[in-house]
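An overview of the molecular structure
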Amino acid sequence: MWLAWFVSNSHNECVRMILNLFHALWFRRNKWVFKQRHMEIDHILCKAASMGFNEDKMHPNQSCSPVSRSNSTGAKVFVDVSLKEGVGTGVGFIAVDSEGVFIAAAIHTFPEALDARTAEALAVLWCIETLMEIGISHVTIHTDCLQVVQCWKKKRRCHTYFEEIIHDSIDKGKELHDLKPVHVRRNLNKIADFLANFAFDSTSMICLDEVPSFLKQLFNVVFNVM
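Treat the numbers as computed from the prediction; the structure is a model and nothing was measured. (Residues numbered from 1 in each chain as written. Predicted model: local features only at pLDDT ≥ 70, side-chain atom pairs only at ≥ 80, totals over all residues. Heavy atoms only, no water.)

**Quick notes on the confidence of the model for the chain**
In the predicted model, the chain carries a mean pLDDT of 77, and 65% of its residues have values of at least 70. For the chain, per-element mean pLDDT is lowest for helix H3 (residues 41–50), which scores 55, and highest for helix H7 (residues 190–198), which scores 95. Contacts from residues 52–71, a stretch scored under 50 in pLDDT, to residues over four places away or in other chains number 47 contacts. (pLDDT = per-residue confidence, 0-100. Helix = DSSP H or I, 4+ residues; strand = E, 2+ residues; numbered from the N terminus. Contact = heavy atoms within 4.5 Å.)

**Points about unusual backbone geometry**
Positive phi, close to 50 degrees, is recorded for His 138, a residue that is not glycine. Tracing the sequence through the fold places His 138 in the loop between helix H4 (116–134) and strand S4 (139–143). We classify His 138 as partly exposed; its relative accessible area is 30%. With a phi angle near 70 degrees, Asp 209 is a residue other than glycine that sits in the positive phi range. (Buried < 20%, exposed > 50% of the residue type's maximum accessible area, 1.4 Å probe, protein only.)

**A look at the packing of H4 against helix H5 (residues 146–154)**
It is the contact of H4 with H5, at a shortest axis distance of 9 Å, that shows an interaxial angle of 65 degrees. Looking at the two axes, H4 sits roughly perpendicular to H5. Judged by the sense of rotation from one axis to the other, the crossing of H4 with H5 is right-handed. Counting all contacts with H4, which are made through Arg 117, Glu 120, Ala 121, Val 124 and Ile 128, the residues of H5 involved are Gln 147, Val 148 and Trp 152. In the contact of H4 with H5, the residues fall into five nonpolar, one polar and two charged. (Axes fitted to C-alpha atoms, helices over the stretch in contact; angles between N-to-C directions. Parallel < 35°, antiparallel > 145°, perpendicular 65-115°, else oblique. Left-handed = near helix turned anticlockwise from the far one by under 90°. Nonpolar A, V, L, I, M, F, W, Y, C, P; charged D, E, K, R; others polar.)

Pasting the structure below:
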């Protein structure tokens, strides 16, 4: 009875956050009971936040309908993170086709500032989930975190939260054709780095088909658009 009253008398976003937290706590309980894996409180909060990505919080001029099939194959996706102690973790990615034509971009923030490699792994997982939602397949994910790529290739048994995130990414990535991460130098990941930092100054958003205005100048420089 109390739960029905709470749901009917609370704001939708508040209900979403509470339910996500309950789910994250149950997830942590199952990890401990069945696999004897311990999750710190910040990991639980990040798990809840990662399930709370709100597609409604997009750029006013952008839509979230699936991308066209012609642009959904052979995509190069660049993903990066930005860490701000006391603020959280910003993540962002940009997807282009083999000729450098814009397909999509997205940004999001997590409430905790994690260690660098865990944040990079979480960004890849978030990226995969978002790509699946908007219908992009046949993806190569470019990250400047070499540890993510190395751990992905080893596919070893999970002993840390970082490895657990990579394992989850591999499982989810099976639904994307030929998914594989590739290491890229930091200076070649400028747009994703910009988006990850921009996430702190904006709400979560997904931009499709057209380069958003705040990104056009950098995009044109990186991909030599005339």
